[in-house]
Amino acid sequence: MQIDDTDRRILRHHLAEPGLPRAELAERAGVTQATLWRRLERLTEAGVIAPARAVIDWRRLGYEVEVSLRFTLDKTNPRAFDEFIAAAREVPEVVAIETFLGRVDVRLNVIARDMAQYQAVYRHRILALPHIAEVDALMLIATIKDSEGLPL
């Protein structure tokens, strides 16, 4: 999809303050409210802007531990990826699943209330996942930058 300078201005302001009232967003982007509405509708229909969704801060709900687990799978079974991912989806503490091309095949982000809960989840649920050849863990200490924005 082609976007122009007006679209970029709208997107820049929308990313900076997603909760901004539409009238104020239109004013900041230098367009009328009708133009803003049409442009946002077109960008949403094209999939440039994803529909609104709730973002939950797990730490505020008492989940103090977040671990990124990187897996290399035993790919001797042609269904290894599908079976691993299907089983991982069933683990409630897994909040993200990503696949990669390279040495790491899959990454799971796992949350827990504390280290004791994480240890139980890891031992009883994660290590029970099928086709694991190798697993590596990275514990999240701090998120320095978390942006879905582009340099528009």
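Further up the page is the structure itself.
Residues numbered from 1 in each chain as written. Predicted model: local features only at pLDDT ≥ 70, side-chain atom pairs only at ≥ 80, totals over all residues. Heavy atoms only, no water.

(A) A look at the overall build of the protein chain. Helix and strand counts for the protein chain stand at five helices and four strands. Ordered by position from N to C terminus, the α and β elements of the protein chain give α-α-α-β-α-β-β-α-β. Relative to its length of 152 residues, the protein chain is extended, with a C-alpha radius of gyration of 21 Å against a globular reference of 15 Å. Based on the C-alpha atoms only, the size of the protein chain along its principal axes is roughly 55 × 35 × 25 Å. In the protein chain, buried positions account for 29% of the 152 residues. (Helix = DSSP H or I, 4+ residues; strand = E, 2+ residues; numbered from the N terminus. Rg over C-alpha atoms; globule rule 2.2 N^0.38 Å. Buried < 20%, exposed > 50% of the residue type's maximum accessible area, 1.4 Å probe, protein only.)

(B) Representation of the nonpolar core. In terms of nonpolar packing, the biggest core is built from 18 residues, with Phe71, Phe84, Leu108, Val110 and Ile126 touching the most fellow members. Secondary-structure elements contributing two or more residues to this core are strand E1 (65-73), helix H4 (80-89), strand E3 (106-112) and helix H5 (115-126). If one sorts the elements of this core by residue count, E1 sits on top with five residues. The next biggest cluster of nonpolar side chains, apart from the first, holds eleven residues, and it includes Ile10, Leu20, Ala26 and Leu43. (Core = buried A, V, L, I, M, F, W, Y, C linked by side-chain atoms within 4.5 Å.)

(C) How the structure looks around the sheet that holds E3. Spatially, the four strands line up as an open sheet ordered E2-E3-E1-E4, and their pairing is antiparallel. Looking at the sheet topology across the chains shown, the edges are occupied by strand E2 (94-99) and strand E4 (132-139). Going from strand to strand, the sheet's axes swing by 20 degrees on average, the running direction of each strand aside. Relative to E3, E2 is paired through five bridges, and the arrangement is antiparallel. (Pairing = 2+ DSSP bridges. Axes fitted to C-alpha atoms, helices over the stretch in contact; angles between N-to-C directions.)

(D) Region of the structure containing a nonpolar patch on the surface. Residues Ile56, Trp58, Leu61 and Val95 make up a contiguous nonpolar surface patch of about 340 Å² in total accessible area. Mapped onto the fold, Ile56 is located in the loop between helix H3 (33-45) and E1. (Patch = residues over 30% accessible without salt bridge, like charges linked within 9 Å, V, L, I, M, F, W, Y side chains within 5 Å. Areas by Shrake-Rupley, 256 points an atom, 1.4 Å probe, with all protein chains shown as cover. Salt bridge = Lys/Arg side-chain N within 4 Å of Asp/Glu carboxyl O.)

(E) Seen up close, the environment of Thr99. Inspection of the secondary structure puts Thr99 in strand E2. When the C-alpha positions of Thr99 and Phe71 are compared, they lie 9.5 Å apart, and in sequence the two are 28 residues distant. Not counting chain neighbours up to four residues away, the residues in contact with Thr99 comprise Ile85, Asp105 and Val106. (Contact = heavy atoms within 4.5 Å.)

(F) Representation of the pairing of E3. Of all the seven residues making up E3, six are buried; the element is thus mostly covered by neighbouring parts of the structure. Pairing of E1 with E3 involves seven bridges; the strand directions are antiparallel. Each residue of the ladder has a partner; that of Ser68, found in E3, is Asn109. Adjacent in sequence and paired antiparallel, E2 and E3 are bridged by six residues, among which Gly102 carries a positive phi angle near 140 degrees.

(G) A look at the environment of Ala46. Tracing the backbone through its elements, the reader meets Ala46 in the loop between H3 and E1. Sequence spacing of Ala46 and Met1 is 45 residues, and the spatial spacing of their C-alpha atoms is 7.3 Å.

(H) Spotlight on the side chain of Asp105. Inspection of the secondary structure puts Asp105 in the loop between E2 and E3. Among the polar contacts made by the side chain of Asp105, one reaches the side chain of Lys75 at a distance of 2.7 Å. Once residues lying within four places of it in the same chain are set aside, the contact partners of Asp105 are Phe71, Thr72, Leu73, Lys75, Phe81, Glu98, Thr99 and Phe100. (Polar contact = N/O pair within 3.5 Å; in protein donor to acceptor, adjacent residues only side chain to side chain.)

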